[in-house]
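Listed below, chain by chain, are the residues.
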Amino acid sequence: MIDKCKTIYLPRINDVRGNLSFIEGGRHIPFEIRRMYYLYDVPEGAERGGHAHKALHQLIIAISGSFDIHLDDGCSKKTIHLNRSHEGLYVCPMIWRVINNFSSGSACIVLASDYYDEKDYYRGYDSFINDVKNRK
Ligand code: TYD
């Protein structure tokens, strides 16, 4: 499951005026985009995430600065450091994620496959692990 979570290299158009990147739902990323949200002004030492989603697909981008994303599918874990505006991490459903080590002034954009729905969240690690085991 965790192997489905991959860095996606986005198009980057470079000229003397700077860079331009773009994302088309269903083309550059494996889902249609229903929502975008962003994290910014994250205080030093703060941690975001700390949950999993039942059905939501996401693409996480360090649009500015850098941070670490820790992924856990209940069997394996991996950590990805994001620091490029033209790269995103695709996170499939049923992945526990924690985001930390935000650099000062960093900003994180998240593209999501669906509207916000609290019922799609696992907020507790134990209930997430229970469901991972029950699905096997
Ligand atoms: P949460 O998902 O816990 O944030 P993070 O993943 O960054 O740690 O969301 C924090 C609060 O914001 C929570 O009360 C739910 C609310 N929220 C929305 O209302 N809409 C959204 O699209 C998101 C992502 C969160």
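Preceding block: the structure.
Now for a look at the structure at hand. Values in this document were obtained by computation on a predicted structure and should not be read as measured data.

1. Focus on the site of the ligand
Step number 1: As a matter of local geometry, the ligand sits amid R35, Y37, L39, R48, G49, H51, Y116, Y121 and R123.
Step number 2: Between the ligand and the protein, one listed contact pairs an oxygen atom with a backbone N or O atom of G49 at 2.7 Å.
Step number 3: A distance of 2.7 Å is found between an oxygen atom of the ligand and a side-chain nitrogen or oxygen belonging to Y121.
Step number 4: For the ligand, the protein covers 62% of the area, taking 530 Å² as the surface of the free molecule.
Step number 5: Put simply, the parts of the chain that give the shell around the ligand at least two residues each are β4 (35-40) and β5 (48-53).
Step number 6: Along the lines of polarity and charge, the residues of the shell around the ligand split into four nonpolar, two polar and three charged.

2. Here's the deal with the pairing of strand β10 (residues 96-100)
On a regular strand, one side chain projects to one face of the sheet and the next to the other, so that they alternate.
Step number 1: Burial runs high along β10: five of the five residues are buried.
Step number 2: A two-sided burial pattern is seen for β10, the buried positions comprising W96, V98 and N100 on one face and R97 and I99 on the other.
Step number 3: As paired strands, β5 and β10 are joined by three bridges and run antiparallel to one another. Within β10, the residue paired with H51 across the bridge is R97.

3. As for helix α1 (residues 125-135)
Step number 1: Turning to α1, its buried residues are F128, I129 and V132. Projection of α1 onto a plane perpendicular to its axis shows the buried side chains occupying an angular sector of 95 degrees, all on one side. For α1, the exposed residues set more than 90 degrees away from the buried face come down to D126 and N134.
Step number 2: Tucked inside the fold, the buried residues of α1 contact β5, β7 (67-72), β10 and β12 (121-122).

4. Some points on the sheet that holds strand β1 (residues 7-9)
Step number 1: Pairing is antiparallel across the open sheet formed by five strands, whose spatial order is β1-β9-β6-β11-β4. Two strands lie at the open edges of the sheet, namely β1 and β4, each paired on one side alone. Direction aside, neighbouring strands of the sheet carry axes that sit 25 degrees apart on average.
Step number 2: The sheet contact formed by β1 and strand β9 (residues 87-91) spans three bridges and is antiparallel. In the sheet register, I8 faces β9, and the bridge partner there is G88.

What counts, and where the lines are drawn
Residues numbered from 1 in each chain as written. Predicted model: local features only at pLDDT ≥ 70, side-chain atom pairs only at ≥ 80, totals over all residues. Heavy atoms only, no water. Near = heavy atom within 4 Å. Polar contact = N/O pair within 3.5 Å; in protein donor to acceptor, adjacent residues only side chain to side chain. Areas by Shrake-Rupley, 256 points an atom, 1.4 Å probe, with all protein chains shown as cover. Helix = DSSP H or I, 4+ residues; strand = E, 2+ residues; numbered from the N terminus. Nonpolar A, V, L, I, M, F, W, Y, C, P; charged D, E, K, R; others polar. Buried < 20%, exposed > 50% of the residue type's maximum accessible area, 1.4 Å probe, protein only. Pairing = 2+ DSSP bridges. Arc of directions from axis to C-beta. Contact = heavy atoms within 4.5 Å. Axes fitted to C-alpha atoms, helices over the stretch in contact; angles between N-to-C directions.

These results come straight from atomic positions and should not be treated as a statement about function.
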